[in-house]
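Chain residues, written in single-letter form:
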Amino acid sequence: MGNSLVAAKEKHNLKRQSTFGDDNESSWDSAVMGWNPHGKWHAVASWTWDAQDETCGICRMAFDGCCPDCKLPGDDCPLIWGACNHAFHLHCILKWVNSQTPQAHCPMCRREWQFKG
Amino acid sequence: MVDFARVQKELQECNRDFEVSGIKVMPKSDANLAHLLGTIPGPLGTPYEGGSFKIDITLPDGYPFEPPKMQFATKVWHPNISSQSGAICLDILKDQWSPALTLKTALLSVQALLSAPEPDDPQDAVVAQQYLRDYPTFMGTARYWTEAFAMTSSLGVEDKVLKLVEMGFPEALVRSTLVSVDGDENMALEKLCSG
Ligand SMILES: [Zn+2]
Ligand SMILES: [Zn+2]
Ligand SMILES: [Zn+2]
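Residues numbered from 1 in each chain as written. Chains lettered and ligands numbered in written order. Predicted model: local features only at pLDDT ≥ 70, side-chain atom pairs only at ≥ 80, totals over all residues. Heavy atoms only, no water.

As annotated in an unreviewed UniProt entry, chain B carries the name E2 ubiquitin-conjugating enzyme and comes from Fraxinus pennsylvanica. Among the UniProt annotations of chain B, the heading Sequence similarities (unreviewed entry) holds the following wording: "Belongs to the ubiquitin-conjugating enzyme family." (UniProt positions renumbered as here; feature names shortened; annotations may be inferred.)

An unreviewed UniProt entry annotates chain A as Anaphase-promoting complex subunit 11 of Fraxinus pennsylvanica. Regarding chain A, the relevant UniProt record gives this comment under Subcellular location (unreviewed entry): "Nucleus".

Written out as structure tokens, the structure is:
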């Protein structure tokens with residue numbers, strides 16, 4: 001059906017590109033505490049070692065900000081992790097999952113998308 | 001509804017890296033970010049080298065959940081690109097799209113397609129046949145098309161302005177239009193004619 005070129009190159013570029021400037025560690029640390037009252041420390045740790053930058057790979061807004069459909073970051077616009085350890089705004093990944101039938105794949109790594117239990 | 005905040009960020013990001021990638025994306029008009037014009041340099045060591053290829057980009061309402069629509073505005077001779085319409089056969093622009101891809105990564109993939117034709121999965125059957133059966137002729141035609149259609153910037157800016165003013169367009173409008181299409185006289189003419 002098509003030509004799968006530069007998959008590797010793309011992935012490399014994605015990693016490099018998904019930073020949009022001035023978000024720094026301390027800013028998302030406080031955001032993590034703010035939006036997650038249950039304190040999912042393990043999830044946070046896996047997110048950092050997985051080298052995903054601090055922006056949502058779908059809307060490209062910072063994780064300490066909210067998705068384009070929300071006005072305020074925090075509890076109303078939570079983050080969610082996949083089994084593959086990639087994180088997105090819940091609203092962003094839901095839009096993607098709902099648009100993909102029968103099976104959605106993670107936008108970052110293309111593994112079958114499963115919400116992390 | 002297109003996520004225009006994301007598109008804005010993408011444009012900034014892409015154009016910031018222009019020196020390295022040679023890839024550019026510009027809105028076709030200031031009023032509408034759903035119609036864009038991409039530019040990719042022909043890859044070195046291919047018959048497309050030295051060419052500057054324009055790509056029409058239309059963002060569907062569902063972008064980035066649906067892939068951008070891309071087609072060559074510059075005529076190109078390649079098995080996976082229609083020599084008639086500029087339509088591109090590339091999986092990431094179809095079922096392999098991911099919302100984590102961007103206009104820039106998509107254009108990089110199109111550029112990679114120029115380097116690595118896949119004649120077994122053609123968009124243009126005539127070109128693909130030629131590629132498979134008569135490679136030297138394919139290379140010659142691809143080169144000729146690059147020189148004829150993708151190297152239009154040989155004229156100086158003033159020459160282009162003069163040419164378009166002689167056609168009856170006001171000079172100020174000609175200049176601003178040329179800037180908006182990155183100096184491409186054919187695109188400028190098209191834009192001037194469409195008002
Ligand atoms: Zn998001
Ligand atoms: Zn939200
Ligand atoms: Zn993933």
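Moving on, there is more to tell.
Before going further, it helps to spend a moment on the overall build of chain B. Of the regular secondary structure elements, chain B holds eight helices and four strands. Reading chain B from its N terminus to its C terminus gives the helix and strand order α-α-β-β-β-β-α-α-α-α-α-α. Expected size for 195 residues packed as a compact globule is a radius of gyration near 16 Å; at 17 Å, chain B falls within 12% of this value. On the principal axes, the C-alpha backbone points of chain B span a range of 50 × 40 × 30 Å. Taken across its 195 residues, chain B has 53% of its residues classed as buried. (Helix = DSSP H or I, 4+ residues; strand = E, 2+ residues; numbered from the N terminus. Rg over C-alpha atoms; globule rule 2.2 N^0.38 Å. Buried < 20%, exposed > 50% of the residue type's maximum accessible area, 1.4 Å probe, protein only.)

Moving on, we get to the UniProt feature "domain: RING-type" (unreviewed entry) in chain A. As annotated by UniProt and renumbered to match this structure, "domain: RING-type" (unreviewed entry) occupies residues 67–110 of chain A. Segment residues 67–110 of chain A splits into 23% helix and 14% strand. End C-alpha atoms: 21 Å apart.

Our focus in this paragraph is the environment of Trp-77 of chain B. All names here are of chain B. For Trp-77, the position within the fold is in the loop between β4 (69–72) and α3 (103–115). With a relative accessible area of 11%, Trp-77 lands in the buried category. Each C-alpha atom, one on Trp-77 and one on Thr-141, is 6.9 Å from the other, the two residues being 64 residues apart in sequence. The contact partners of Trp-77, leaving out residues within four places of it in the chain, are Tyr-48, Ser-83, Val-126, Val-127, Gln-130, Phe-138, Thr-141, Ala-142 and Trp-145. Of note is the side chain of Trp-77, whose polar atom sits 2.8 Å from the side chain of Gln-130. (Contact = heavy atoms within 4.5 Å. Polar contact = N/O pair within 3.5 Å; in protein donor to acceptor, adjacent residues only side chain to side chain.)

Residues and elements named next belong to chain A. Taken together, the protein ligands of the zinc ion (ligand 1) are Cys-56 (SG), Cys-59 (SG), His-89 (ND1) and Cys-92 (SG), with distances of 2.1 to 2.4 Å. Coordination at the zinc ion (ligand 1) comes from four donor atoms whose angles at the metal span 96 to 120 degrees, giving a geometry best classed as tetrahedral. In terms of primary sequence, the donors binding the zinc ion (ligand 1) are separated according to C-x2-C-x29-H-x2-C. Remark: Cys-92 occurs in helix α4 (residues 90–99) and Cys-59 occurs in the loop between α3 (41–49) and β1 (79–81); sequence separation between them is 33 residues. (Donors = N, O, S within 2.8 Å, 3.2 Å for Na, K, Ca; no water. Tetrahedral: all angles 85-135°; square planar, octahedral: opposite > 155°, others 65-115°.)

Let us look at the side chain of Ser-83 of chain B. In this structure, Ser-83 of chain B sits in the loop between β4 and α3. Within the local environment of Ser-83 of chain B, its side chain forms a polar contact with the side chain of Asp-124 of chain B, the two groups lying 2.6 Å apart.

Here we take up the sheet that holds β4 of chain B. Two strands in a sheet stick together by hydrogen bonds in their backbones, pointing the same way (parallel) or opposite ways (antiparallel). Residue and element names in this part refer to chain B. Strands sit in the order β1-β2-β3-β4 across an open sheet of four strands; the sheet is antiparallel. Of all strands in the sheet, those with a lone pairing partner are β1 (24–29) and β4, marking the two edges. In this sheet, adjacent strand axes meet at a mean angle of 30 degrees when their direction is disregarded. For β1 and strand β2 (residues 32–41), the ladder comprises five bridges, and the chain directions are antiparallel. (Pairing = 2+ DSSP bridges. Axes fitted to C-alpha atoms, helices over the stretch in contact; angles between N-to-C directions.)

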